[in-house]
Amino acid sequence: MDVSWSDPRHVLGVVERLLSAPRPQLLSRFTVELGKLIPHRAAAMQTGDCPRSPFKAIGDEAITQAVTSVELQRLAHRSEPGKALVIDGVLGGVERRLILLASTPAVGHGAMIAVVPEAAEPPSAELELAAQLWHIVSTDAGQRATDPGPDVLASSLAAASARAQVITDLGQTHAATLVTLLSVLRSGRLSDAVARRTAVDLAADALLELKGIADRDQTMSAEPSEAAFTVLKAQLADLVRHTEVDVDLVDPVGDASLPQDIAHTARTLTRGLVLAALDRPATTRLRASWRVDGSVLRITVRDDCPEVADAVPPRGLTERLTALGGHWEVDAVPDWGTTVTAVLPLGVAEPPELRPLDRLNPRELEVLSGISQGLRNRQIAEQLQLSEHTVKFHVRNILDKLDVSSRGEAAALARDLPLEPVVRRSA
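Residues numbered from 1 in each chain as written. Predicted model: local features only at pLDDT ≥ 70, side-chain atom pairs only at ≥ 80, totals over all residues. Heavy atoms only, no water.

The name given to the chain in an unreviewed UniProt entry is LuxR C-terminal-related transcriptional regulator, and the organism recorded there is Amycolatopsis plumensis.

Here it is as structure tokens:
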């Protein structure tokens, strides 16, 4: 191990850089720091805390462009939270030596990353430190996911809805094809019985995998309302335990499924309303409840404070609510108390357009950063260790995704976006 990793100041500097990374750049920032500890060719991540983009890959494009969600799911089943496992597994359609880093923090759904190391057997000390760094990153990502900003909420929900629709369409198409294939192969008209049985088994396995994709998408993009409310009660447990106010947290009726960003927002709104009610000195009792009412979630917090002059919900909560098309209902009666209800739609009829940056993958963001610095294709290729032809390919995709006709227009759009400078990658 590089002697610098024995210096606490160096390690703290690495942690600081990781925790200061914007969410879209978290994987790229982690792989840069990991590369100084364990040189590697590529990495692919599966996370349960980002419904907009639960699967991400970075590094050698011969590997990353072939990575599938099914591969990552299989690897996730083999991983162990808190440990760095060195295994032989399939990634990018090829069996290769991999390092699996997995974490299940107290908050959030956790994440797993599969790394393709340059060395077949990385030293155990480096592996242990890599596992600890990944746990820190996963814990921070889970905390950020529980309280996303209004702009992130809107674009995440739109992207998650669009992804779910695409998966549904693909699932129906391929399921019909596979069912037809099974019917034909089971007809008995084929003379080669062994080939027929093999084809039947393959098609049956494909159907199960296809169903698994839809089930995983549902699991990663939604939470049962009862489970989401249980998380809220755990978050408020210490507050409820130590306050003199009688706080009643009522479990939701039924077990409807909430989009993950809606569940995060519902917990944020409830916590904020409870804290606001407790800040009113005359409050002695309050009651918080959730109720799924058709296509909306109604979050209600009622208190008995007789003074209702400051019953308007905090501005920060209003921004989160309105970003998802929700609104407040406030019933404040002097000397009786206040009832505040947040009406939160469970979906959006017309998903808002994603921000320009959200349309680009991590590699395209790196190329766009070079464009915004005024670098030419050759210079960007040298810095990112790509061929100039590959950079041209990315530039063309960037212009198409941003709907602009020139590098200058792309650079203008990127001027106010938090892009990292292009730096030379280690060989």
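Following the structure, the description resumes.
Draft legend 1. The packing of helix 13 (residues 388-402) against helix 14 (residues 407-414), seen in detail. Relative to each other, helix 13 and helix 14 sit at 65°, their axes nearing to 10 Å. Between helix 13 and helix 14 lies a crossing of left-handed hand. Of the residues in helix 14, those touching helix 13 at Val395, Leu399 and Leu402 are Arg407, Ala410 and Leu413. (Axes fitted to C-alpha atoms, helices over the stretch in contact; angles between N-to-C directions. Helix = DSSP H or I, 4+ residues; strand = E, 2+ residues; numbered from the N terminus. Left-handed = near helix turned anticlockwise from the far one by under 90°. Contact = heavy atoms within 4.5 Å.)

Draft legend 2. Representation of the pattern of salt bridges within the structure. Evaluated as defined, the whole model comprises 17 salt bridges. In this structure, the salt-bridge partner of aspartate 7 is arginine 9, at a minimum N-O distance of 3.5 Å. Overall, the relative accessible area of 24% leaves aspartate 7 in the partly exposed class. Looking at arginine 9, the relative accessible area reads 69%, which means it is exposed. Residue arginine 97 pairs with glutamate 121 through a salt bridge whose shortest N-O separation is 2.5 Å. In this pair, arginine 97 is assigned in strand 4 (residues 94-103) and glutamate 121 in the loop between strand 5 (111-117) and helix 5 (124-145), connecting sequence segments 24 residues apart. According to the relative accessible area criterion, arginine 97 is partly exposed, its value standing at 25%. (Salt bridge = Lys/Arg side-chain N within 4 Å of Asp/Glu carboxyl O. Buried < 20%, exposed > 50% of the residue type's maximum accessible area, 1.4 Å probe, protein only.)

Draft legend 3. Expanded view of the packing of aromatic side chains. One pass over the structure, following the stated rule, counts two aromatic pairs. With 5.0 Å between their ring centres and 80° between their planes, phenylalanine 229 and tryptophan 290 make a pair best called edge-to-face. Taken together, the residues span a long stretch of sequence, with phenylalanine 229 in helix 8 (residues 225-242) and tryptophan 290 in strand 9 (residues 285-293) at a distance of 61 residues. Tryptophan 290 shares its class with phenylalanine 229; the two are buried. (Phe/Tyr/Trp six-rings, centres within 6.5 Å; stacked < 30°, edge-to-face > 60°.)

Draft legend 4. Quick look at the nonpolar core. Trp290, Leu297, Ile299 and Trp328 are the most contacted members of the largest nonpolar core, which totals 30 residues. Elements with a minimum of two residues in this core: helix 8, strand 7 (246-250), helix 9 (260-279), strand 9, strand 10 (296-303), helix 10 (315-323) and strand 12 (337-345). Residue contacts for tryptophan 328: discarding those within four places in its chain leaves Leu269, Leu273, Pro313, Leu317, Thr318, Leu321, Val340, Thr341 and Ala342. (Core = buried A, V, L, I, M, F, W, Y, C linked by side-chain atoms within 4.5 Å.)

Draft legend 5. Up close: helix 14. Among all positions in helix 14, only Arg407, Ala410, Ala411 and Ala414 are buried. Around the axis of helix 14, the buried residues are gathered within 100° of arc, so they sit on the same side. (Arc of directions from axis to C-beta.)

Draft legend 6. Expanded view of the confidence of the model for the chain. Per-residue confidence for the chain gives a mean pLDDT of 77; residues scoring 70 or more make up 70%. Confidence drops under pLDDT 50 across residues 348-352; counting only partners more than four residues distant or on other chains, this segment forms four contacts. (pLDDT = per-residue confidence, 0-100.)

Draft legend 7. Geometry of the side chain of aspartate 303. Relative to the helices and strands, aspartate 303 is located in strand 10. At a separation of 2.5 Å, a polar atom in the side chain of aspartate 303 contacts the side chain of arginine 280. Reaching out from aspartate 303, the side chain makes a polar contact with the backbone nitrogen of cysteine 305 at a distance of 2.9 Å. The residues touching aspartate 303, leaving out its near neighbours within four places in the chain, are Ala277, Arg280, Thr283, Arg285, Leu286, Trp336, Gly337 and Thr338. (Polar contact = N/O pair within 3.5 Å; in protein donor to acceptor, adjacent residues only side chain to side chain.)

Draft legend 8. The arrangement of the environment of threonine 31 in detail. Mapped onto the fold, threonine 31 is located in helix 2 (residues 26-37). Spatially, the C-alpha atoms of threonine 31 and valine 115 are 9.0 Å apart, while their sequence positions differ by 84 residues. Beyond its immediate sequence surroundings of up to four residues, threonine 31 is in contact with His40, Ala43 and Ile58.

Draft legend 9. Quick peek at the side chain of glutamate 71. Residue position: glutamate 71 is located in helix 4 (residues 69-78). For the buried glutamate 71, which has no salt bridge, the nearest side chain bearing the opposite charge is arginine 74, at an N-O separation of 6.9 Å. (Lys, Arg positive; Asp, Glu negative; His and termini not counted.)

Draft legend 10. Region of the structure containing the pairing of strand 12. With nine of nine residues buried, strand 12 lies mostly within the body of the structure. The side-chain alternation of strand 12 yields two buried faces, one formed by Gly337, Thr339, Thr341, Val343 and Pro345 and the other by Thr338, Val340, Ala342 and Leu344. Summarising the sheet, strand 10 and strand 12 pair through eight bridges and their orientation is antiparallel. The residue of strand 12 that forms the bridge with isoleucine 299 is alanine 342. Here strand 11 (residues 327-333) pairs with strand 12 via seven bridges, running antiparallel. Residue pairing in the sheet places valine 330 in a bridge with valine 340 of strand 12. (Pairing = 2+ DSSP bridges.)

Draft legend 11. Region of the structure containing the sheet that holds strand 11. Spatial strand order, 7-9-10-12-11: five strands in an open sheet with mixed pairing. With partners counted over all chains shown, the strands left at the sheet margins are strand 7 and strand 11, one partner each. The sheet shows a mean angle of 10° between the axes of neighbouring strands, direction not considered. The sheet contacts of helix 10 involve strand 11 and strand 12, and relative to strand 11 the element is tilted by about 135°.

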